[in-house]
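An overview of the molecular structure
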Amino acid sequence: MAKFKRVLLKLSGEALAGAKGHGIDNDILSDMAGEIAAIARQGVQVALVIGGGNLVRGISASAGGMNRAQGDAMGMLGTVMNGLAMQDALDKQGMDSVVMSAIRMEPVCEFFDRRKAIKLLNAGSVVIFSAGTGNPFFTTDSCAALRAIESECDVIMKATKVDGIYTADPVKDPSATRFDDITYQEVIARGLKVMDTAAVALCMENNMPIFVFKMVKGNLTQAVIEGNLGTLVHC
């Protein structure tokens, strides 16, 4: 039996770009869709939030002189594009999915509806939450925290480039050690870059665990089914 019954998987947009650094690598997209389909077929209900950094980042645009709110609006649209791409990849896996946007844009995708999202998850569909929270100055980490709480998930599965949370960046500091588990308070106090502080605080206030793991082939299944291969953030 899976350790987690309903999960929200948070993927970075950059992960979809792969070595290209920009856009969408179709092979990576297909592999990720296959991983998601594999756990869904084992009875795990999957919600999904994908960042838009492979296409546009609002904070980067604002650093170049663009108005931050305008840049964030562009970033939200990038997450919708990634969500639609993932939906297509899940279609090819024979997995039903629905893209829900925090900004109305029917008929491209559905407008976010909490009750409908839960019904879809219960029916076995993958629900892809896009367009962030619909507001500027909030990251897709905050969107993941909010949607996980609203859709009554058991945990946020945060996919990263490393196999958990370390005392320091393991790429820069070879002496860094990995935590098996850590509290929200310690994550904030240490300034660890797990999710942005607002997202971690929201999870802490609502007792939403965050499981940080490395997204490589096979890891998602093991992390969800056995609850290992990463670091758990909890009370």
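Residues numbered from 1 in each chain as written. Predicted model: local features only at pLDDT ≥ 70, side-chain atom pairs only at ≥ 80, totals over all residues. Heavy atoms only, no water.

Focus on the nonpolar core
If you look at the biggest cluster of nonpolar residues, it comprises 40 residues, and the most contacted ones within it are Leu9, Leu11, Ile36, Met86, Met157 and Phe213. Of all the secondary structure elements, the ones that give two or more residues to this core are β1 (6-11), α2 (26-41), β2 (45-50), α4 (68-92), β5 (126-130), β6 (155-160), β10 (210-214) and α9 (219-226). Considering every element that reaches this core, the biggest residue donor is α2, with seven residues. Discounting chain neighbours no more than four positions away, the residues touching Ile36 are Leu9, Val46, Leu48, Met86, Leu90, Val126 and Leu220. Formed by 32 residues, the second largest nonpolar core is a distinct cluster that contains Ala148, Val187, Ala199 and Met208. (Core = buried A, V, L, I, M, F, W, Y, C linked by side-chain atoms within 4.5 Å. Buried < 20%, exposed > 50% of the residue type's maximum accessible area, 1.4 Å probe, protein only. Helix = DSSP H or I, 4+ residues; strand = E, 2+ residues; numbered from the N terminus. Contact = heavy atoms within 4.5 Å.)

Structural notes on the packing of α2 against α9
Between α2 and α9, the shortest axis-to-axis distance is 9 Å and the interhelical angle comes to 30°. As far as their axial angle goes, α9 and α2 are roughly parallel. Pair α2 / α9 crosses with right-handed handedness. Of the residues in α9, those in contact with Glu35, Ile36, Ala38 and Ile39 of α2 are Asn219, Leu220, Thr221 and Val224. Looking at the contact of α2 with α9 residue by residue, the classes come out as five nonpolar, two polar and one charged. (Axes fitted to C-alpha atoms, helices over the stretch in contact; angles between N-to-C directions. Parallel < 35°, antiparallel > 145°, perpendicular 65-115°, else oblique. Left-handed = near helix turned anticlockwise from the far one by under 90°. Nonpolar A, V, L, I, M, F, W, Y, C, P; charged D, E, K, R; others polar.)

Quick notes on α9
Taken residue by residue, α9 has Asn219, Leu220, Ala223, Val224 and Ile225 as its buried positions. Packed against the buried residues of α9 are β1, α2, β6 and β10. Remark: Gly227 follows α9 within two positions and exhibits a positive phi of approximately 70°.

Details of the pairing of β5
Of all five residues that make up β5, five are buried, and the element is covered over most of its length. Of the two faces of β5, the one lined by Val126, Ile128 and Ser130 and the one lined by Val127 and Phe129 are each fully buried. Bridge analysis of β2 against β5 gives three bridges, and the strand direction is parallel. Within β5, the position partnered with Val49 by the bridge is Phe129. Pairing of strand β3 (residues 97-101) with β5, which is carried by five bridges, proceeds in the parallel orientation. (Pairing = 2+ DSSP bridges.)

Observations regarding α2
Here α2 contains 16 residues, and its C-alpha end-to-end distance of 22 Å stays within 8% of the 22 Å for a straight helix at 1.5 Å per residue. For α2, the complete set of buried residues consists of Leu29, Met32, Ala33, Glu35, Ile36, Ala37, Ile39 and Ala40. Looking at the buried side of α2, the elements it contacts are β1, α1 (13-17), β2, α4, β5 and α9. Sitting at the amino-terminal end of α2 is Asp25, which places a side-chain oxygen 2.9 Å from the backbone nitrogen of Asp27. Two residues or fewer after α2 comes Gly43, characterised by a positive phi angle close to 95°. (Expected span 1.5 Å × (residues − 1). Polar contact = N/O pair within 3.5 Å; in protein donor to acceptor, adjacent residues only side chain to side chain.)

Quick look at the packing of aromatic side chains
Scanning the entire structure with this criterion turns up three aromatic pairs. Between the aromatic rings of Phe112 and Phe129, the centroid separation amounts to 5.6 Å while the plane-to-plane angle is 75°, which identifies the pairing as edge-to-face. One end of the pair, Phe112, is in the loop between β4 (110-111) and α5 (114-122); the other, Phe129, is in strand β5, with 17 residues separating them in the sequence. Note on accessibility: Phe112 and Phe129 belong to one class, buried. Taken together, the ring pairs connect Phe4, Phe211 and Phe213 into an aromatic cluster. A cation over an aromatic ring shows up here: Arg104 above the ring of Phe111, its NZ or CZ 4.1 Å from the ring centre. The positively charged end of Arg147 is found above the aromatic ring belonging to Phe112, 3.8 Å away from the centroid. (Phe/Tyr/Trp six-rings, centres within 6.5 Å; stacked < 30°, edge-to-face > 60°. Lys NZ or Arg CZ within 6 Å of the ring centre and 35° of its normal.)

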